[in-house]
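Results of the structural survey
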Amino acid sequence: MGAIYLVRHGQASFGASDYDALSPRGFEQSTVVGAELLRRNVSFSRIRSGTLARQRDTAATALKVLGTDVPVVEDPRWNEYDHVDIARHHAGGAPQEDSRAYQGVLDAALTAWTAAGADGPCAETWPAFLARCRGALEDLVTSLGKGEHALVFTSGGVIATLCGLLLGTPETGLLKLNRVTVNGGITKLVSGRGGVTLLSFNEHPHFEADAAQLLTYR
């Protein structure tokens, strides 16, 4: 079977003027991810990344350690949802001074976003987000030859939504799995005759033991 490895980006700059920039810890996490991928000794025939800075920089840092010549193809369909737009329309905005309080506001906003469906006020509705995530995965799977593997650098909302989709409930995936995805976590999907199956979600033993101080959720 072929496999698709979905990597969540390293820690971004929560509370800073430019959230999309990787934090110093985010760069450290990306280096550890690269070492973990190298340890697994998987040969990747396709590598994808979203176009957000935190995704691209995670990819560049991890791949420098992995040492592969496979080019990274950027695809905006792997980008995260716009949390600022969603919070503004569905929760009146959400200050980023308090991570725990912000998570509560974001959870409520995401719930309202999914419930609003195609009639939602955001620039990208929930059905549109779901469709682009599904399309990105389907196109990647189609591009793989028998037994080939792919690597994707993306975001927690995309990963959670796709996992939920594969389990039959994308809304539940977004609302329940998204909040527990770790920065630099690895999710593995397998592709075979029966379609795409979720094999593992949010693996992060590379952030345990001596690297435990690098474990973050935001």
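Report on the accompanying structure. All figures in this text were calculated on a predicted structure; none of them were measured in a lab.

**Remarks on the packing of helix α1 (residues 24-40) against helix α2 (residues 53-66)**
Running from N to C, α1 and α2 point in directions that differ by 45°, and their axes come no closer than 7 Å. In terms of orientation, α1 lies oblique with respect to α2. The handedness of the crossing between α1 and α2 comes out as right-handed. Touching F27, S30, T31, V33, G34, A35, L37 and L38 of α1 are D57, T58, T61, A62, V65 and L66, all from α2. Grouping the constituent residues of the contact of α1 with α2 by class yields eight nonpolar, five polar and one charged.

**Concerning the packing of aromatic side chains**
Under the definition given, this model contains six aromatic pairs. An angle of 90° between the planes, with centres 5.4 Å apart, marks the rings of Y5 and F44 as edge-to-face. Here the residue Y5 occupies a position in strand β1 (residues 2-8), and F44 occupies one in strand β2 (residues 44-49), the gap between them amounting to 39 residues. Taking relative accessible area as the criterion, Y5 reaches 5% and is therefore assigned buried. Measuring from centroid to centroid gives 5.6 Å for W113 and F129, while their planes differ by 55°, and the two rings are tilted.

**Structural notes on α2**
Residues that lie three or four places apart on an α-helix share one face, since the helix turns once every 3.6 residues. Compared with an ideal rise of 1.5 Å per residue, which puts 14 residues at 20 Å, α2 spans 20 Å between its outermost C-alpha atoms and is within 8% of the ideal. Where α2 is concerned, the buried positions are A53, R54, Q55, T58, A59, T61, A62, L63 and L66. On its buried side, α2 packs onto α1, β2, β3 (72-74) and β4 (149-154). One or two residues past the end of α2 sits G67, with phi positive at roughly 70°.

**A look at helix α6 (residues 156-167)**
With twelve residues, α6 extends 16 Å between its outermost C-alpha atoms, agreeing within 8% with the 16 Å of an ideal straight helix rising 1.5 Å per residue. Burial of α6 is extensive: nine of the twelve residues sit out of reach of the surface. Of all the residues in α6, the buried ones are G156, G157, V158, I159, A160, T161, L162, C163 and G164. Lining the buried residues of α6 we find β1, α5 (126-143), β4, α7 (170-177), β5 (186-192) and β6 (195-203). Remark: G168 follows α6 within two positions and exhibits a positive phi of approximately 100°.

**Notes on the nonpolar core**
Judged by nonpolar contacts, the single largest core of 28 residues is most densely connected at I4, L6, W78, Y81 and W113. At the level of elements, β1, α4 (99-116), α5, β4 and α6 are the ones that each hand at least two residues to this core. If you tally residues by element for this core, the top one is α5, at eight residues. When sequence neighbours within four positions are dropped, the list of residues in contact with L6 reads W78, V152, I159, L162, G185, I186, T187 and L189. In terms of nonpolar packing, the next biggest core, distinct from the first, is built from 19 residues, V33, L37, L151 and F153 among them.

**Comments concerning the packing of α6 against α7**
Where α6 meets α7, the closest approach of the two axes is 6 Å, and the angle between their N-to-C directions is 140°. Judged by the angle between their axes, α6 and α7 are oblique. Viewed along their axes, α6 and α7 form a crossing whose handedness is right-handed. Within the contact between the two elements, α6 uses G157, A160, T161, C163, G164 and L165 and α7 uses P170, G173, L174 and L177. Taken together, the residues of the contact of α6 with α7 sort by class into six nonpolar, four polar and no charged.

The rules behind each value
- Residues numbered from 1 in each chain as written.
- Predicted model: local features only at pLDDT ≥ 70, side-chain atom pairs only at ≥ 80, totals over all residues.
- Heavy atoms only, no water.
- Axes fitted to C-alpha atoms, helices over the stretch in contact; angles between N-to-C directions.
- Helix = DSSP H or I, 4+ residues; strand = E, 2+ residues; numbered from the N terminus.
- Parallel < 35°, antiparallel > 145°, perpendicular 65-115°, else oblique.
- Left-handed = near helix turned anticlockwise from the far one by under 90°.
- Contact = heavy atoms within 4.5 Å.
- Nonpolar A, V, L, I, M, F, W, Y, C, P; charged D, E, K, R; others polar.
- Phe/Tyr/Trp six-rings, centres within 6.5 Å; stacked < 30°, edge-to-face > 60°.
- Buried < 20%, exposed > 50% of the residue type's maximum accessible area, 1.4 Å probe, protein only.
- Expected span 1.5 Å × (residues − 1).
- Core = buried A, V, L, I, M, F, W, Y, C linked by side-chain atoms within 4.5 Å.

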